[in-house]
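Below are the chains, spelled out letter by letter.
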Amino acid sequence: MSVTSNVPRHVAIVMDGNGRWAKKRFMPRFFGHKQGVDALVRTVQACADRGVEYLTVFAFSTENWKRPTEEVSGLMGLVLVAVSKYLRKLAGEGVRIRIVGDRSAVSDKVRQAWEQVEATTADNKRITLIVAFNYGGRWDIVQACQRAISDGVPADQLDEQRLGRYMTMGFAPDPDLFIRTGGEVRISNFLLWQVAYSEFHFSDCLWPDFGEAELDAAIAAFAERDRRFGGVKTAPAETLAAGH
Ligand code: FPP
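- Labelled according to an unreviewed UniProt entry, the chain appears under the name Isoprenyl transferase, originating from Aquincola agrisoli.
- UniProt, in its Sequence similarities (unreviewed entry) section for the chain, records the words "Belongs to the UPP synthase family."
- Database annotation for the chain, UniProt heading Function (unreviewed entry): "Catalyzes the condensation of isopentenyl diphosphate (IPP) with allylic pyrophosphates generating different type of terpenoids."

## Remarks on the overall build of the chain
Thought 1: Counting its secondary structure elements, the chain contains eight helices and six strands.
Thought 2: Written out in order from the N terminus, the α and β elements of the chain read β-α-α-β-α-β-α-β-α-α-β-β-α-α.
Thought 3: In summary, the chain has a C-alpha radius of gyration of 19 Å against a globular reference of 18 Å for 244 residues, a match within 12%.
Thought 4: For the chain, the spread of C-alpha atoms along the three principal axes comes to 65 × 50 × 35 Å.
Thought 5: Out of the 244 residues belonging to the chain, those deemed buried represent 46%.
Thought 6: Long-range contacts, defined here as pairs at least 24 residues apart, represent 78% of the contacts in the chain between residues at least 6 apart.
Thought 7: When the accessible surface of the chain is totalled, it reaches about 12,600 Å², and 53% of it is carbon and sulfur.

## Looking at the nonpolar core
Thought 1: Among the nonpolar cores identified, the biggest contains 46 residues, and L55, W114 and L129 are the most heavily contacted of them.
Thought 2: At 10 residues, the largest contribution of residues to this core is made by helix 3 (residues 69–92).
Thought 3: I130, A132, Y135 and F178 belong to the second largest nonpolar core, which has 14 residues in total.

## Observations concerning the packing of aromatic side chains
By convention here, two paired aromatic rings are described through the distance between centres and the angle between planes.
Thought 1: A full pass over the atoms with the stated rule returns 13 aromatic pairs.
Thought 2: Considering the side-chain rings of F178 and F200, the 4.7 Å spacing of their centres and the 40 degrees angle between planes classify their relative orientation as tilted. Residue F178 is located in strand 5 (residues 177–180), and its partner F200 is located in strand 6 (residues 199–202); the two are separated by 22 residues in the primary sequence.
Thought 3: The class of F178 is buried, set by a relative accessible area of 0%.
Thought 4: With centroids separated by 6.0 Å and ring planes inclined at 20 degrees, the aromatic side chains of F200 and F202 adopt a geometry described as stacked.
Thought 5: By relative accessible area, F200 is classed as partly exposed at 25%.
Thought 6: Joined through ring pairs, the aromatic side chains of F58, Y135, W139, F178, F190, F200 and F202 make up one cluster.
Thought 7: Between R25 and the ring centre of W21, over which it is positioned, the NZ or CZ distance is 3.9 Å.
Thought 8: Above the face of the F171 ring, R98 is positioned so that its terminal group lies 4.0 Å from the ring centre.

About the criteria used
Residues numbered from 1 in each chain as written. Predicted model: local features only at pLDDT ≥ 70, side-chain atom pairs only at ≥ 80, totals over all residues. Heavy atoms only, no water. UniProt positions renumbered as here; feature names shortened; annotations may be inferred. Helix = DSSP H or I, 4+ residues; strand = E, 2+ residues; numbered from the N terminus. Rg over C-alpha atoms; globule rule 2.2 N^0.38 Å. Buried < 20%, exposed > 50% of the residue type's maximum accessible area, 1.4 Å probe, protein only. Contact = heavy atoms within 4.5 Å. Areas by Shrake-Rupley, 256 points an atom, 1.4 Å probe, with all protein chains shown as cover. Core = buried A, V, L, I, M, F, W, Y, C linked by side-chain atoms within 4.5 Å. Phe/Tyr/Trp six-rings, centres within 6.5 Å; stacked < 30°, edge-to-face > 60°. Lys NZ or Arg CZ within 6 Å of the ring centre and 35° of its normal.

Given below as structure tokens:
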């Protein structure tokens, strides 16, 4: 099957480069994360304007706990500001917000903020913003298996479709386009299961500088890709007749 679509239905982003962006300006790393929230708000609006239906962003990984304590607590505090100020604004603009990740390790305050923002935006239809927080791709696969086992799903009835429904993003289609900013070329334990057939776009742009131009460049590169999902390309009849 060959599918051509100019606009990806689901975009996933690793928002990397906040620390370096701040360092270049002789500012603390936290300043870069704060600017990163602005870039996120811009990007949600730009994606919605272009017809993207789902945007998933990596806001905090299961490995980010290894960062200095003050950076971790700064990021936790930023979540609360992001929810009360920025995400609430997006909520008013028709954005549905979902959080995926292990909530057991975050504070009650953060957990309650997530629950509130999810509940108040549940019926919004313009675009779904999925914030991956305390998320890891391996954690997701393990929790899906654990839940399937505790539901008593027999081993011989557990196939890809069924396990896929136990993944935390079982409610969304798989990402069509995976973007990573910040110049690194790796997945870093983001959506391992879901990116099986995603197209990848790596950019040197540091996340706080990300905006419409960068998004359009990524979407334009995506539109050039020939997605075959493991199949073969079917040539148009006239090309075959001409013997190409
Ligand atoms: C990676 O940059 C970025 C993060 C680990 C955090 C991303 C978080 C945000 C953009 C804000 C949080 C948003 C919400 C909604 C809670 P880095 O620090 O690894 O940068 P570096 O590679 O330059 O050091």
